[in-house]
Amino acid sequence: MGDKPLYYGSSKDTPMYYGGGSKSPMYYGGGRQYGSYGSYGSYGSYGGTPPGGEDETLIGSITFGRMLRVISQRWLSVFVFILVGLIVSFAIYKISPTIYETSSEFTMDIRRSTGRNATALDQAMIDYGNNYAEIFNTRLSSWRSDKIVAKIVDAYRTGYPASVVTEEEIVSTLAGSKLELQRNSRNITITVRSKSPALAAALANAYAQAIEALTDEENKNRCDKAVQQLHGSVESKRREVEDITAQLLASRTTNRVDQLRARREMVQQTIVKMTQDINELETEVTQLTEWERMLTAVKQNPENFGVLSSGAPRAQEIASEYRAYLDATNEYAKLILTYTDNHPEVISKSMEVENARKRFVDAAAKALESGSASLSVAVNRLGIAKAKREELNAQLASLSQEINHAESKLSIIERNYAVASEVLKDLTMQESKARTEAEANNETISLGRQATEPRKPVLPNPMVIFGAGIGISLALGLLFVLVMDNLEDTVVNLADIEGRLALKVLAVLPHVRRKTREQVAKFAVEEKYSQFSEAIAGFRNLLDSPRYESMSHCLLIISTQPGEGKTITSTSIAISYAQSGRRVLHVDFDLRRPRLARIWDVQLTKERSFSHTLQNAGDGKPDFAKLVNHTSVKGLDVICSLPPDGVSPSTIFGSSVISDFFAWARANYDRIIVDSPPYGVVGDVVSLSVLVDSVIIMCCPDRTHFKPIQYCSRSLTEAGANILGVIVNDVEIASASAFSPTTRHSYRYGYGYGYGYGYRPESKAGEGAEGADGQGAPIVENEEFTDDE
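Residues numbered from 1 in each chain as written. Predicted model: local features only at pLDDT ≥ 70, side-chain atom pairs only at ≥ 80, totals over all residues. Heavy atoms only, no water.

Novice: What is the right way to read the pattern of salt bridges from this model?
Specialist: Two side chains bearing opposite charge may form a pair once their charged atoms approach each other closely. Enumeration over the complete set of coordinates arrives at 18 salt bridges. Its salt-bridge partner being K220, residue D224 comes within 3.1 Å of it at the nearest N-O pair. Taken together, the residues D224 and K220, both in helix 7 (residues 197-226) and 4 residues apart, mark about one turn of the helix. One salt bridge connects D544 with R582, and the closest N-O pair in it is separated by 3.2 Å. Taken together, the residues D544 in helix 16 (residues 531-544) and R582 in the loop between helix 17 (566-579) and strand 7 (584-588) connect sequence positions 38 residues apart. (Salt bridge = Lys/Arg side-chain N within 4 Å of Asp/Glu carboxyl O. Helix = DSSP H or I, 4+ residues; strand = E, 2+ residues; numbered from the N terminus.)

Novice: Please clarify how the nonpolar core should be interpreted in this entry.
Specialist: Side chains that are nonpolar tend, in soluble globular proteins, to be buried together. With 48 residues, the main nonpolar core has F589 and F661 as its most contacted residues. Among the elements that make up this core, the one with the highest residue count is helix 21 (residues 657-668) (6 residues). Discounting chain neighbours no more than four positions away, the residues touching F661 are L585, V587, F589, F610, F624 and I639. Ranked by size, the runner-up nonpolar core spans 38 residues in total, among them L509, Y548, I573 and I696. (Core = buried A, V, L, I, M, F, W, Y, C linked by side-chain atoms within 4.5 Å. Buried < 20%, exposed > 50% of the residue type's maximum accessible area, 1.4 Å probe, protein only. Contact = heavy atoms within 4.5 Å.)

Novice: What should I look at first to understand the sheet that holds strand 10 (residues 671-675) in this one?
Specialist: Adjacent strands of a sheet pair through backbone hydrogen bonds, lying either parallel or antiparallel. Spatially, 8 strands are ordered 5-12-11-6-10-7-9-8 in an open sheet, and the strand pairing comes out mixed. This sheet does not close on itself; its edge strands, each paired only once, are strand 5 (505-510) and strand 8 (629-630). As judged from the 5 bridges shared by strand 7 and strand 10, these two strands associate in the parallel manner. Bridge pairing links H586 to I673 in strand 10. (Pairing = 2+ DSSP bridges.)

Novice: Just to check I follow, could you spell out the environment of S142 for this structure?
Specialist: Relative to the assigned elements, S142 resides in helix 4 (residues 132-143). Taking the C-alpha atoms as reference points, S142 and L214, 72 residues apart in sequence, are found 9.3 Å from one another.

Novice: Would you mind going over the packing of aromatic side chains with me for this structure?
Specialist: In this description, an aromatic ring pair is defined by two values, namely the gap between the centres and the angle between the planes. In the structure shown here, the tally under the stated rule is 15 aromatic pairs. Aromatic side chains F81 and F480 sit 5.3 Å apart centroid to centroid with 40° between the ring planes, which places their arrangement in the tilted category. Here the residue F81 occupies a position in helix 2 (residues 75-95), and F480 occupies one in helix 12 (residues 462-488), the gap between them amounting to 399 residues. Owing to a relative accessible area of 34%, F480 belongs among the partly exposed residues under this scheme. Seen from the ring of Y669, R583 lies directly overhead, with NZ or CZ sitting 4.5 Å from the centre. (Phe/Tyr/Trp six-rings, centres within 6.5 Å; stacked < 30°, edge-to-face > 60°. Lys NZ or Arg CZ within 6 Å of the ring centre and 35° of its normal.)

Novice: How should I be thinking about the packing of helix 5 (residues 146-159) against helix 7 in this particular structure?
Specialist: How two helices sit against one another is set out by the angle between their axes and by the gap between those axes. Relative to each other, helix 5 and helix 7 sit at 120°, their axes nearing to 8 Å. Classed by the angle they form, the pair helix 5 and helix 7 counts as oblique. As helix 5 runs across helix 7, the sense of the crossing is right-handed. On the side of helix 5, the interface is formed by K147, I148, K151, I152, A155 and Y156, while helix 7 contributes L199, A202, L203, A206, Y207, Q209, A210, I211, L214 and E217. Here the residues of the contact of helix 5 with helix 7 sort into 12 nonpolar, 1 polar and 3 charged. (Axes fitted to C-alpha atoms, helices over the stretch in contact; angles between N-to-C directions. Parallel < 35°, antiparallel > 145°, perpendicular 65-115°, else oblique. Left-handed = near helix turned anticlockwise from the far one by under 90°. Nonpolar A, V, L, I, M, F, W, Y, C, P; charged D, E, K, R; others polar.)

Novice: How do you make sense of the sheet that holds strand 3 (residues 187-194) when you look at a structure like this?
Specialist: The antiparallel open sheet is built from 4 strands, whose spatial order is 2-3-1-4. Each edge of the sheet is formed by a strand with only one pairing partner; in this case those strands are strand 2 (178-181) and strand 4 (443-447). Pairs of neighbouring strands in the sheet enclose a mean axial angle of 30°, with direction left out of account. As judged from the 8 bridges shared by strand 1 (residues 100-110) and strand 3, these two strands associate in the antiparallel manner. Bridge pairing in strand 3 places Y100 opposite S194. Set on the sheet, helix 7 makes contact with strand 1, strand 2, strand 3 and strand 4; between it and strand 1 the angle comes to about 20°.

Okay, structure coming up:
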């Protein structure tokens, strides 16, 4: 549809009810559809909420179309809110402290046997949950306790002994820290924020170290608890072993067992040495005795000399003399073979043999004497040695007896010590095994990634601050303009009517610039092909459709306040029906301010006044045919009224003659168009609404208010009236965006309503002036007409 509203064609030649270049009316599929026009109950089946049942909040109903319209209308207010939000965001950004964030990680692991494999140690463990999320949530309270804070402070002081950061500052920094379990893992992240990047990193690392230390301490306590019974048995047996050891030491000290054993060892060694000496002496005595026997035999007869060991006394001397003796003897034997015994050489050699023998015997005698002395000494030494050995053996026997006596006393203590030591060793191994199993089932903390000093601050975050500022200011601006729009309580576009009022828009009538009301009312006669005439014709065709034909025989045109074009619209509809060849009756039921006589230039008398006829009807049935006035439009008759004399129109509307009139009109005319007073001013409409087939409500942009039209719709529906829909009147189409969802208007009839019948004079500037479109001055400047139409 280009840049024109949906209700108008693409050119002036195209009727306003035909969308684009379509040749079919928009109500029949050519343009925008207004829902399903089925059978209509109290509030119709058009959608939305029942009249009076809409959102009564301060901001009203929120729809996308309404928000677009309100923003386009009040964009400056929204812009001011956004500008203020940006200023406030900039101020917050400038005054906000610089905060740095860093994080460290550690890994948490818990291995615990369950089911049939669970042991008493497993049952002694604290149940933190079945998965790491439950374990983390359970442990989180202890990881944020005062105890862990103290450990963090200690770890920080240990790592940074020269730091001047106070404990209060550390505690306040830790208060904003976060611990988070990474999804689908056992890694836990510690996040710390601080004004100092170094402090943030140091506390994040100290936090992880403190958790590790706390976990180790808890694990130790838990293990001690798990092996408490075994540990008690081990300690008891260890004390028993210590007592036995003390007894053993005391017994050994008292009985001098070690000293006795040392003495016995020394005596045994001495005996061994003494035995060796005795054996040597016996060997020496034996040899000396043998030598003495041999030397004695040699002394008696040198020929008995045999082999003499080199160890014998004077053995070398004896051997030398013996060889000399043998040599002399051998030479003598040789000489005797040659010579006789008396030969001098034989005699000389015989003397030499004798001398050699004598020397040999003397040497043997000396050796015998020396050997006898040595034998005597050896025998004496052997006797002394044997006596000494006997004495040592006696001493050894005494010591052995004494040691056996002492050891007999220690044997029982030593056996008890051995048994107790073995039992202690076994219990210690059991405790160690149990502790190992308990530690295997413990919670383990492994330090992971360490925190480093951050380079960029995380706060203030300009994206967040300015984004939040713009978002909040935009929200506040939208809230403000929605509230202001809702407080205005005026109809602006079709969405207001169809959404908030739950009423169908049956037609949209353009604003017609004419100087007099008669020209506007008769515009459908004078300008048959104008957009206004085409709009009226399209509405008539809609009512003639099978869906509405049964509900359009008798129509009541109403408005909620003066100035909404009720009389002009009803006149135009009556003219359109008459032009279609039907017999139409246009009735002026606005008894307080009748206007049809002026429009059709009818000169009335009280005898032909509809209001006076009804007033004077009494019990008889008036002749309504004499009230009919024929018009210049073929097939259109009008019944006009004058203000009644001394009787309230409400009294007339409550009489039965009204029903008689409608029965007569239905019998004589194809269409009856009833012009009624505004519903918001008087209550005559309720009586008429139940006597007609359908009720049509007039509406003007930026003039009609929601609450009056809601009240009117609800009251008439409760009274049993059939509200057909709404006609939107006086829509300016000079602008392409006229009556669009994003445009507001200020076109209206500026007339009052009441019994005063006062007329508002035409302004001088408007007399005879042509409109912007060359069609004459707006009708609001007509000095002759000041009624609500």
